[in-house]
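The lines below spell out each chain.
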Amino acid sequence: MEQLINVKVAKKKVEAIDICSFELVHPAGGELPGFTAGSHIDVHIAEGLVRQYALCTRPGDPAFYRIAVKNEPQSRGGSRSMHDSAREGDLLTISAPRNNFALKEDAQRTLLIAGGIGITPILSMALRLDALGKPFELQYFSRSIAHTAFHDVLSQKKFADRVGFHYALEPDAVRSYLRKYLWHRQEGTELYLCGPRPFMDLVEQTAAVTWPPESVHLEYFSADPASLSGPRESFIVRLARTGGDYVVPADKTIVHALAACGVHIETSCEQGVCGTCLTGLLEGVPDHRDVFLTDEERAANDKMLPCVSRAQSDVIVLDL
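The present account deals with the structure reproduced in this document.

Rules used throughout
Residues numbered from 1 in each chain as written. Predicted model: local features only at pLDDT ≥ 70, side-chain atom pairs only at ≥ 80, totals over all residues. Heavy atoms only, no water. Pairing = 2+ DSSP bridges. Helix = DSSP H or I, 4+ residues; strand = E, 2+ residues; numbered from the N terminus. Axes fitted to C-alpha atoms, helices over the stretch in contact; angles between N-to-C directions. Phe/Tyr/Trp six-rings, centres within 6.5 Å; stacked < 30°, edge-to-face > 60°. Buried < 20%, exposed > 50% of the residue type's maximum accessible area, 1.4 Å probe, protein only. Contact = heavy atoms within 4.5 Å.

1. A word on the pairing of strand S1 (residues 4-16)
- Relative to strand S6 (residues 91-95), S1 runs antiparallel, the two being bridged by five bridges. The partner of Leu4 across the bridge, within S6, is Ser95.
- Direction of pairing for S1 relative to strand S2 (residues 19-25): antiparallel, over a ladder of seven bridges. Counterpart to Val14 in the pairing with S2 is Cys20.
- Between the end of S1 and the start of S2, which pair antiparallel, lie two residues, with Asp18 showing a positive phi angle near 70 degrees.

Next up, the structure:
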C-alpha cells in the first residue's frame, strides 16, 4: 500500500505567470521523509483527483517540501484546483517521495536542460549538485523573465557562470543553439532534461547525434497525445491468478474496464507516467503507450501499464 502523509500548506507564492509554488510542512512540525533529486510526490487534491508534482527543493532538508504548479489551460482539474482552491493553512494528503528520474551524483560533469515548468525537478538537481560541489551547467528556456519560475534563485551570484537563460526563442533558434551546445560530449558527462513534450523531443533528437542513449535522462509530464489517441480495438484481458476473461472495449482502458467488473488496479496519474499501475504480463503482445518503461523493459515483454497501454494480440494475460 502507498504510504500517505498529511501535510500543511505553509506558504503559497506566485513564482511566475501561471506558476505558483507551495511549501508543504508536517502539520505538527515534524520531519518529512527524505528524498533524492528528481523525486516527485502524488498530491491527493480531491476525491479521485491525484496529480504528480516534482519536488524542487534541495534534498537533505526534511523540514519541508516545495512543489511548483503551472495552471494549465487544458487542465484536467488538478492544476486549476491547486491555483484556485489551495490556501495557506490547508491540509493536503500526499504520498512519500518516489524517484523515476534519479540523478547520478558521481558523474564527472552534468548538463541540465529545462523548458518552462520542467525546471521543477531540474532545480532540485542543480541545488543538489551545488551542495556536493559537483560541476554542472543549466540551460533554462522560457517565454520571458516573467514566465521564468525561480529566476531569483538561479540568478544568485554563485550560479552566474553555470546557469543560462533563454527567452522567447523560436524552435529553429532553439535547435540551432542545441546543435552547438550538444555537439561535443565530454567523456563522463550526463544530460538531464525536462519540459513540454515538443521541447523534450527537440532536445532528445539533437542529443541523439553525438550522445549515447544511456547518458541522456528525461522525464515526461504525460504520454504522447498521439499515442494515447492511436488505433483502439477491443481485446480480452485474462487474469492469471484470480481468473476470468474480461473484454476491454475500444472506448475504455484496461483499468477502467476491469474496475467496472470489480477488479481494482491501483493508479495515480492515469497518463502512463508514474508507474503506479505497473502490472506483470505473462502472455500476449502489448501495445505500449506509456512513457515510463524503457525500450529494454518493453522488449522484455513481461510488464505493462494498463492505465494507458492496450493489446496488439486478441488476448493478453496479466499477472493478477
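2. Description of the sheet that holds strand S5 (residues 64-70)
- Spatially, six strands are ordered S4-S3-S6-S1-S2-S5 in an open sheet, and the strand pairing comes out antiparallel. Two strands bound the open sheet, and with one partner strand each, they are strand S4 (49-54) and S5. This sheet shows a mean twist of 40 degrees between the axes of neighbouring strands, independent of strand direction.
- Two elements, strand S3 (residues 40-46) and S6, share two bridges in a ladder whose sense is antiparallel. Note on S6: the bridge partner recorded for His44 is Thr93.

3. Some thoughts on the packing of aromatic side chains
- Taken as a whole and assessed by the stated rule, the structure comprises eight aromatic pairs.
- Between Phe35 and Tyr65, the ring centres sit 5.7 Å apart and the planes meet at 85 degrees, which makes this aromatic pair edge-to-face. Within this pair, whereas Phe35 is found in the loop between S2 and S3, its partner Tyr65 is found in strand S5, the two being separated by 30 residues in sequence. Of the two residues examined, Phe35 and Tyr65, each falls in the buried class.
- When the centroid spacing of 6.2 Å and the interplanar angle of 10 degrees are considered together, the rings of Phe165 and Tyr167 count as stacked.
- A relative accessible area of 23% means that Phe165 is categorised as partly exposed.
- Every member of this aromatic cluster is reached through a ring pair, and the members are Phe141, Tyr177, Tyr181 and Phe199.

4. Considerations on the sheet that holds strand S8 (residues 136-142)
- Spatially, five strands are ordered S9-S8-S7-S10-S11 in an open sheet, and the strand pairing comes out parallel. Across the chains shown, the open sheet's two edge strands, defined by having one partner strand only, are strand S9 (163-167) and strand S11 (216-219). Going from strand to strand, the sheet's axes swing by 15 degrees on average, the running direction of each strand aside.
- Relative to S9, S8 runs parallel, the two sharing five bridges. Within the sheet, the bridge partner assigned to Phe141 lies in S9 and is His166.
- The strands touched by helix H2 (residues 119-132) are strand S7 (109-115), S8, strand S10 (189-194) and S11; relative to S7, the strand with the most contacts, the crossing angle is about 155 degrees.
- Running at roughly 160 degrees to S10, helix H5 (residues 197-207) makes contact with S7, S8, S10 and S11 of the sheet.

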